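# An overview of the molecular structure
Okay, here's what each chain looks like letter by letter:
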Amino acid sequence: MVLALSAGCSALRFGYNQAPDLGYWWLDSYIDFDDAQTLKVRNGLTGWFAWHRSTQLPDYAQLLVRAQAEALADTTPARVCEWWATLSVRLDSAFERAVPVGADLMLSIGPKQVQHMERRYAKANGEFRSEFLQGDPAKRRKASVDRAIERAELLYGTLTDGQREQVARMVGGSPFDADLWFSERKRRQQDALQMLLRLNAEGAGRDKAEAALRAYIERWRRSPRDEYRRYAEGLADFNCSFAASLHNSTTAAQRQTAVQKLKGWEGDARALAAEGGR
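Residues numbered from 1 in each chain as written. Predicted model: local features only at pLDDT ≥ 70, side-chain atom pairs only at ≥ 80, totals over all residues. Heavy atoms only, no water.

Scanning the protein from terminus to terminus reveals 11 helices and zero strands. Helices and strands appear in the protein in the N-to-C order α-α-α-α-α-α-α-α-α-α-α. Each principal axis of the C-alpha distribution contributes one length, and for the protein these read about 60 × 50 × 35 Å. Long-range pairs, those at least 24 residues apart, make up 82% of the contacts in the protein between residues at least 6 apart in sequence. When the accessible area of the protein is evaluated, it comes to approximately 15700 Å², of which 58% is carbon and sulfur surface. Measuring between centres, the 40 positive side-chain charges of the protein sit 1 Å from its 36 negative side-chain charges. (Helix = DSSP H or I, 4+ residues; strand = E, 2+ residues; numbered from the N terminus. Contact = heavy atoms within 4.5 Å. Areas by Shrake-Rupley, 256 points an atom, 1.4 Å probe, with all protein chains shown as cover. Lys, Arg positive; Asp, Glu negative; His and termini not counted. Charge placed at Lys NZ, Arg CZ, Asp CG, Glu CD.)

Note that soluble globular proteins tend to have their nonpolar side chains buried in a common cluster. Ile 31 and Leu 199 are the most contacted members of the largest nonpolar core, which has 34 residues in total. Secondary-structure elements contributing two or more residues to this core are helix 2 (11–31), helix 3 (35–71), helix 4 (77–108), helix 5 (111–132), helix 8 (178–202), helix 9 (206–221) and helix 11 (252–275). Among the elements that line this core, the one with the most residues is helix 3, at six residues. Formed by 12 residues, the second largest nonpolar core is a distinct cluster that contains Ala 152, Leu 159, Ala 168 and Phe 242. (Core = buried A, V, L, I, M, F, W, Y, C linked by side-chain atoms within 4.5 Å. Buried < 20%, exposed > 50% of the residue type's maximum accessible area, 1.4 Å probe, protein only.)

So, about the state of the cysteines. Evaluation of the coordinates by the stated rule reveals one disulfide. Residue Cys 81 pairs covalently with Cys 240 via a disulfide, S to S 2.1 Å. An S-S torsion of about 120 degrees defines the bridge between Cys 81 and Cys 240 as right-handed. Taken together, the residues span a long stretch of sequence, with Cys 81 in helix 4 and Cys 240 in helix 10 (residues 226–248) at a distance of 159 residues. For Cys 81, a relative accessible area of 27% corresponds to the partly exposed category. Its relative accessible area of 6% is what places Cys 240 among the buried residues. (Disulfide = S-S within 2.5 Å.)

Moving on, we come to the side chain of Gln 134. One can find Gln 134 in the loop between helix 5 and helix 6 (137–156). Filtering out sequence-adjacent residues up to four positions away, Gln 134 remains in contact with Arg 129, Lys 139, Arg 140 and Ala 143.

Right, let's talk about the packing of helix 2 against helix 5 for a bit. Packed helices, taken two at a time, are described by the angle between their axes plus the distance between the axes. Two elements in contact, helix 2 and helix 5, have axes separated by 6 Å at closest approach and are oriented at 105 degrees. Judged by the angle between their axes, helix 2 and helix 5 are roughly perpendicular. Contact residues: Asp 28, Ser 29, Tyr 30 and Ile 31 in helix 2; Gln 113, His 116, Met 117, Arg 120, Tyr 121 and Ala 124 in helix 5. Across the contact of helix 2 with helix 5, the residue classes break down as five nonpolar, three polar and two charged. (Axes fitted to C-alpha atoms, helices over the stretch in contact; angles between N-to-C directions. Parallel < 35°, antiparallel > 145°, perpendicular 65-115°, else oblique. Nonpolar A, V, L, I, M, F, W, Y, C, P; charged D, E, K, R; others polar.)

Over its 24 residues, helix 11 extends 34 Å from the first C-alpha to the last, a length consistent with the 34 Å expected when each residue adds 1.5 Å. Here helix 11 has its buried residues at Gln 254, Arg 255, Ala 258, Val 259, Leu 262, Glu 266, Asp 268, Ala 269, Ala 271, Leu 272, Ala 273 and Glu 275. (Expected span 1.5 Å × (residues − 1).)

Should the charged atoms of two oppositely charged side chains come close, the side chains can pair. On inspection of all chains with the given rule, the structure shows 24 salt bridges. A salt bridge links Arg 140 to Asp 179; the nearest nitrogen and oxygen atoms lie 2.9 Å apart. Taken together, the residues span a long stretch of sequence, with Arg 140 in helix 6 and Asp 179 in helix 8 at a distance of 39 residues. The exposure class of Asp 179 is partly exposed, given its relative accessible area of 45%. Across the pair Glu 184 and Arg 225 runs a salt bridge whose closest N-O atoms are separated by 2.9 Å. Separated by 41 residues along the polypeptide, Glu 184 in helix 8 and Arg 225 in the loop between helix 9 and helix 10 bring together distant segments of the chain. Look at Glu 184 and you get buried, because its relative accessible area is 0%. One connected set of salt bridges, linked through shared partners, spans Glu 184, Arg 187, Arg 188, Asp 191, Arg 219 and Arg 225. (Salt bridge = Lys/Arg side-chain N within 4 Å of Asp/Glu carboxyl O.)

Right under this line is the structure:
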């Protein structure tokens, strides 16, 4: 079965085709939908992915063509940040498309489901602690280095020993603060829970729910906490420099590997978009 799937499409294409179901089960694990909500959420996810497949995937394919050309040359931190800004615009469009369905769902969530969400958040926070908040500083740093190497090798293939040492040095100088991130994560969770309880208590309508959801996402993107906002801006700048420095250290062979990976993702995006028209 696995071999047949691999022969027919890539893991990315298979995962994308399963995304509406996976998205439903992930959301259900947090909210515990009733029958009416299940129908609404499944229909909403199906509609959102149909839109995304037909309008966004062709655009992603074009971006991947540009990325292939740029992957062969050195880059700069500013250029990396420009790429992130370009991707952020696409994320904003994806969110805006989901707002109406999200607002309708929010209006149907009752206090017992909010309590279920709170328990699910607590479980997720325990998982976060295990992955990012190791008590031993050396283990925490090693985990950060391992994650950075894994992400780099997803694009460039196997890194050299020198590149691995470079990654370890750069991670050692990173402003990344897992404790601060965790505190912001908990703020966002409480923000979401309070928003849902407030909408329920007020008997809010669609317009108010949409406005509340947009305001929540804005607080998620730009924290109301000055300390965290400054931290996030500094981390973003560092990550752009990190990515540029690592890319500029890659060999011609590693850049060709990156081009082939990007080309494969481009092909996946085009194939998935074409499948939507069948």
